[in-house]
Amino acid sequence: MLELRLVQGSLLKKVMESIKDLVNDANFDCSATGFSLQAMDSSHVALVALLLRSEGFEHYRCDRNLSMGMNLNNMAKMLRCAGNDDIVTIKADDGGDTVTFMFESPTQDKIADFEMKLMDIDSEHLGIPEAEYEAIVRMPSSEFARICKDLSSIGDTVVISVTKEGVKFSTRGDIGTANIVCRQNTTVDKPEDATIIEMETPVSLTFALRYMNSFTKATPLANQVTISLSSELPVVVEYKIAEMGYIRFYLAPKIEEEEETEHHVETTKPQKETKPQKETKPKVETKPKLEIKPKVEIKDDEENEPQVESKSQVESKPLDDTKAEVEVMDVE
Amino acid sequence: MLELRLVQGSLLKKVMESIKDLVNDANFDCSATGFSLQAMDSSHVALVALLLRSEGFEHYRCDRNLSMGMNLNNMAKMLRCAGNDDIVTIKADDGGDTVTFMFESPTQDKIADFEMKLMDIDSEHLGIPEAEYEAIVRMPSSEFARICKDLSSIGDTVVISVTKEGVKFSTRGDIGTANIVCRQNTTVDKPEDATIIEMETPVSLTFALRYMNSFTKATPLANQVTISLSSELPVVVEYKIAEMGYIRFYLAPKIEEEEETEHHVETTKPQKETKPQKETKPKVETKPKLEIKPKVEIKDDEENEPQVESKSQVESKPLDDTKAEVEVMDVE
Amino acid sequence: MLELRLVQGSLLKKVMESIKDLVNDANFDCSATGFSLQAMDSSHVALVALLLRSEGFEHYRCDRNLSMGMNLNNMAKMLRCAGNDDIVTIKADDGGDTVTFMFESPTQDKIADFEMKLMDIDSEHLGIPEAEYEAIVRMPSSEFARICKDLSSIGDTVVISVTKEGVKFSTRGDIGTANIVCRQNTTVDKPEDATIIEMETPVSLTFALRYMNSFTKATPLANQVTISLSSELPVVVEYKIAEMGYIRFYLAPKIEEEEETEHHVETTKPQKETKPQKETKPKVETKPKLEIKPKVEIKDDEENEPQVESKSQVESKPLDDTKAEVEVMDVE
């Protein structure tokens, strides 16, 4: 028996809108500690990890661990029928093959039950190792979304470079180049307007803008976004969900080849050779990978979250599989 | 000579937006008592009846009864050119083949004349018999529109079931089932937020959501909608138009066959038999029909409207024609 | 070395949105007196002239005259990345083949550089002769935009007729005819709501609505629009840009042939001959032309603008070329 009552039902609506375009089908794992999801995107390049801790629910009953396979688009369709002020309750029987979403209007005059069939989804619960990041940028989530959108009108990839002074987002495309610098700024009126940089080593990494833009669909969830970067690790783009959890997106950096950079320099009507821009050519010495180890405990010292277990932690793929996929990542 | 001056010209704009997608061409009937329209939708499944009483106009001159055939899309195009605060005047000569819409801005600085060709449209004026309804639901029109839209994301038909406690809207589709219950609620701050149920017999009828969604385009006209249901009659969905009239939509209930219900139960990835839901299977004992009798006077005791006559009340079809069409109603 | 700093960067954004659909590629001419552009639309029917005077910039440095060829769509893409409150700086080196747009947020926390390749564009700087207009209409720009949009739902061309009482906009199409009269009105609360007519001779000219609608994309730049008409000259539709300049659109009147008018009278279901409307049939006695003389100084007594020179004032086409193109103007 599962019964999770969430007064701020709009949070769940926003979570679904954040991930439904990235992931088609996924297992929601429910245990005594929380309601969570972990899934690769359909092209196996990005990873989403969602956690809603049990303490955040008004009522949380989960008699035994459950893994519920759902089509996220269908789930989003149902949650879109909830009003923004509705209380949402998720209900399921232990042996059942359906899940019910109940929406109660604040005045209790309107009560809706949406019942959805569950699916059997093969998945492994991948452990995401604890890591030290070389640079962590916290900035207004709307600013980050705007930057990713703006750069997409010029190019396909973004180089994120962090120095002590600030974070620079760069791109280049057929029509030209763009560099946007956000300076560290901690003396703001509202904390959510701050841009804070914690840096050990300067870092410069390249990512597909297409995925970054997909991640920014979580912007309505939080005023701030945290971007954690290390030269040999996937970037983590994290949005906190009220006081109850987070949604984290992982994406491996792109390894830009020399030829590829050459290709980008071509423009339709060149009049003269442009000088290639240093910052858009990361060195090819390292081979970053989406480093995902099976059956490793999730730990987050900062927040001290309990481990999320899943019954489906079996047959996880070795590391090199994932690495291979990341390296052929195709961004159109 | 016809000259109808309507200070709240935006009402006419909203009326046209309500019906232009449902009905292509129709005769507007103008008599001393009012400006009215009655038309079947293009698939001959739903019926629209509009009445704007003469008292609601600032100036109303109609020397003799006129039936003006208009293309509603073209009329809507012209009325869309009126400002929301404009005064609208409808003008026509007795023997003429055009109608003129005049729009005056509140300051009289801008005056527009739009002249449209009239059409010859064969139509009969169908009498809509007075009826006693088993259940009448009054509820916020925006709530009803939201429910029809939400259910459309799940299924094609809605079962409306009225009991003393409230009204339930149900649907089912490939991705699951949905039930939305609105409870009677008369103790509200604003009268337009009330949900009021007058019921003699519990009633449960099935309708095509596609038409219901089309009817809800009239939502901007009124804060409340009235839904009148009887097991052997078409449902009436009524929106009042200010103090001057109404727009009513009639739709025959769907007769769901056993096979059809079976078909709905199929889902893409069934893991186990679902128990069929009682409320989505109306009994097949009755054959409801869009009961329309030719040449019958329109009477409405509640409002005491005078009869609207039309010169084109000829060659009306017998009842069974309509019934046949209703039964093969195809909702894609 | 060119460096132009514009505090109201949003003006430049609005300018680009106004002209990018009309003109693909154009030279921006920069001299000590200002930043200007003059270009025919891609079908060579309309002409755009833009001027931003140097005094309007916070900082204006232009060491020598520069003509910078740009793709306006790409430039608009880049400027769309500027925030509405950003300060925009345009930078270019004298011998360079790129232009840089720098966007600074009001708090200086975010600084963006967008670099675009310049293009070689063959163009002549056409002198636009000083002219006396028979009628000049000033009216709210939003009103003019609304009228052009509304008439487009009925017909393809607009007849603009000016008399002492007001200005009339007329059209006709398959579904009917439309006439919109705006009366002179100088006693308004806000000056931007005034409609002011200066007229020597009544004038009535026909124009393609497609171009008029394109011009009204400049509406966000100014509250008022000025329409200058003479029977033998292209109309000038002018929007002032703050205190620093203007954007002017020139369009030759259409010569409507008798046959063409006949064609318009046809409607889908005519019941009777309509009486042709006098005002939609301009006399065919005059042959208006887009009268553009090469190498003529731009003069505007009202504003006393300095001449805008350009290095590319060579090989301008004779008058008759333009005239020929105007007469075959094809408006679908």
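Named according to an unreviewed UniProt entry, chain A is DNA sliding clamp PCNA originating from Liquidambar formosana. Checking UniProt for chain A, the heading Sequence similarities (unreviewed entry) contains the comment "Belongs to the PCNA family." Recorded under Subcellular location (unreviewed entry), the UniProt text for chain A is reproduced unchanged: "Nucleus".

Trainee: Requested: an account of the pattern of salt bridges, with residues and values cited.
Mentor: As enumerated under the stated definition, the model contains 36 salt bridges over all chains in all. Between Arg5 of chain C and Glu58 of chain C there is a salt bridge, with its nearest N and O atoms 2.4 Å apart. Taken together, the residues Arg5 of chain C in strand β1 (residues 2-6) and Glu58 of chain C in the loop between β4 (46-53) and β5 (59-62) connect sequence positions 53 residues apart. One network of salt bridges, in which partners are shared, links Glu17, Lys20, Asp21, Arg80 and Lys217 of chain A.

Trainee: Residue-level account of the relation of the copies chain C and chain B, with values.
Mentor: By a simple turn and slide, chain C fits onto chain B: the slide is 0.0 Å along the axis, the RMSD is 0.0 Å, and the turn is 120°. As the rotation angle and translation indicate, the two copies are arranged about a three-fold axis. The C-alpha atom lying nearest the rotation axis in chain C is that of Pro220 of chain C; the distance is 17 Å.

Trainee: So what about the sheet that holds strand β12 (residues 157-162) of chain A? Which residues, and what values?
Mentor: Paired through their backbone hydrogen bonds, the strands of a sheet run either parallel or antiparallel. Read across the sheet, 9 strands follow the order β16(A)-β12(A)-β13(A)-β14(A)-β9(C)-β8(C)-β7(C)-β1(C)-β5(C) without closing on themselves; strand pairing throughout is antiparallel. If you trace the sheet from one side to the other, it starts and ends with β16 (203-208) of chain A together with β5 of chain C, each paired once. Shown here is a sheet whose adjacent strand axes are inclined to one another by a mean of 15°, direction ignored. Bridging between β12 of chain A and strand β13 (residues 166-173) of chain A involves 4 bridges; their strand directions are antiparallel. Each bridged residue has a counterpart across the sheet, and for Ile160 of chain A the counterpart in β13 of chain A is Phe169 of chain A. Along the sheet face, helix α3 (residues 141-152) of chain A touches β12, β13 and β14 (176-183) of chain A together with β9 (110-117) of chain C and points at about 20° away from the line of β13 of chain A. In the packing of helix α2 (residues 72-79) of chain C onto the sheet, contacts are made with β14 of chain A together with β7 (87-92), β8 (98-104) and β9 of chain C, and the angle to β9 of chain C comes to roughly 170°.

Trainee: Which residues make up the packing of aromatic side chains, and what values do they have?
Mentor: Going through the model one piece at a time under the given rule, you end up with 18 aromatic pairs over all chains. Plain terms: the ring middles of Phe28 of chain B and Phe35 of chain B are 5.1 Å apart, the flat faces sit at 15° to each other, and that makes the pair stacked. A cation over a ring is seen here: Arg248 of chain A above Tyr246 of chain A, with NZ or CZ 3.6 Å from the ring centre.

Trainee: An account of the interface of chain A and chain B is requested, with residue identities and associated values reported.
Mentor: Each side of the interface is counted separately: chain A has 22 residues, and chain B has 22 residues. In total, chain A and chain B occlude about 2000 Å² of area from one another, counting both sides; carbon and sulfur atoms represent 46% of this. Among the residues chain A hides against chain B, the three largest losses belong to Asp109, Lys110 and Lys117 of chain A. Together they make up 30% of the total. Residues Lys110 of chain A and Glu143 of chain B are paired through a salt bridge, measuring 2.8 Å at the closest nitrogen-oxygen approach.

Trainee: Go over the UniProt feature "domain: Proliferating cell nuclear antigen PCNA C-terminal" (unreviewed entry) in chain A, please, and point to the residues and values.
Mentor: Within the UniProt annotation, "domain: Proliferating cell nuclear antigen PCNA C-terminal" (unreviewed entry) is assigned to residues 127-254 of chain A. Secondary structure within residues 127-254 of chain A divides into 15% helix and 46% strand; the distance between the first and last C-alpha atoms comes to 22 Å.

Trainee: Provide a residue-level description of the packing of helix α1 (residues 9-19) of chain C against α2 of chain C, including the pertinent values.
Mentor: Residue and element names in this part refer to chain C. One way to put it is that α1 packs onto α2 with a least axis distance of 9 Å and a crossing angle of 145°. Seen from above, α1 lies across α2 with left-handed handedness. Here Leu12, Lys13, Met16, Glu17 and Ile19 of α1 lie close against α2, whose contacting residues are Leu72, Met75, Ala76 and Leu79. When grouped by side-chain class, the residues that make up the contact of α1 with α2 number 7 nonpolar, no polar and 2 charged.

About the thresholds
Residues numbered from 1 in each chain as written. Chains lettered and ligands numbered in written order. Predicted model: local features only at pLDDT ≥ 70, side-chain atom pairs only at ≥ 80, totals over all residues. Heavy atoms only, no water. UniProt positions renumbered as here; feature names shortened; annotations may be inferred. Salt bridge = Lys/Arg side-chain N within 4 Å of Asp/Glu carboxyl O. Helix = DSSP H or I, 4+ residues; strand = E, 2+ residues; numbered from the N terminus. Least-squares fit on C-alpha atoms with pLDDT ≥ 70 in both. Pairing = 2+ DSSP bridges. Axes fitted to C-alpha atoms, helices over the stretch in contact; angles between N-to-C directions. Contact = heavy atoms within 4.5 Å. Phe/Tyr/Trp six-rings, centres within 6.5 Å; stacked < 30°, edge-to-face > 60°. Lys NZ or Arg CZ within 6 Å of the ring centre and 35° of its normal. Buried area = accessible area lost by both parts, 1.4 Å probe. Left-handed = near helix turned anticlockwise from the far one by under 90°. Nonpolar A, V, L, I, M, F, W, Y, C, P; charged D, E, K, R; others polar.

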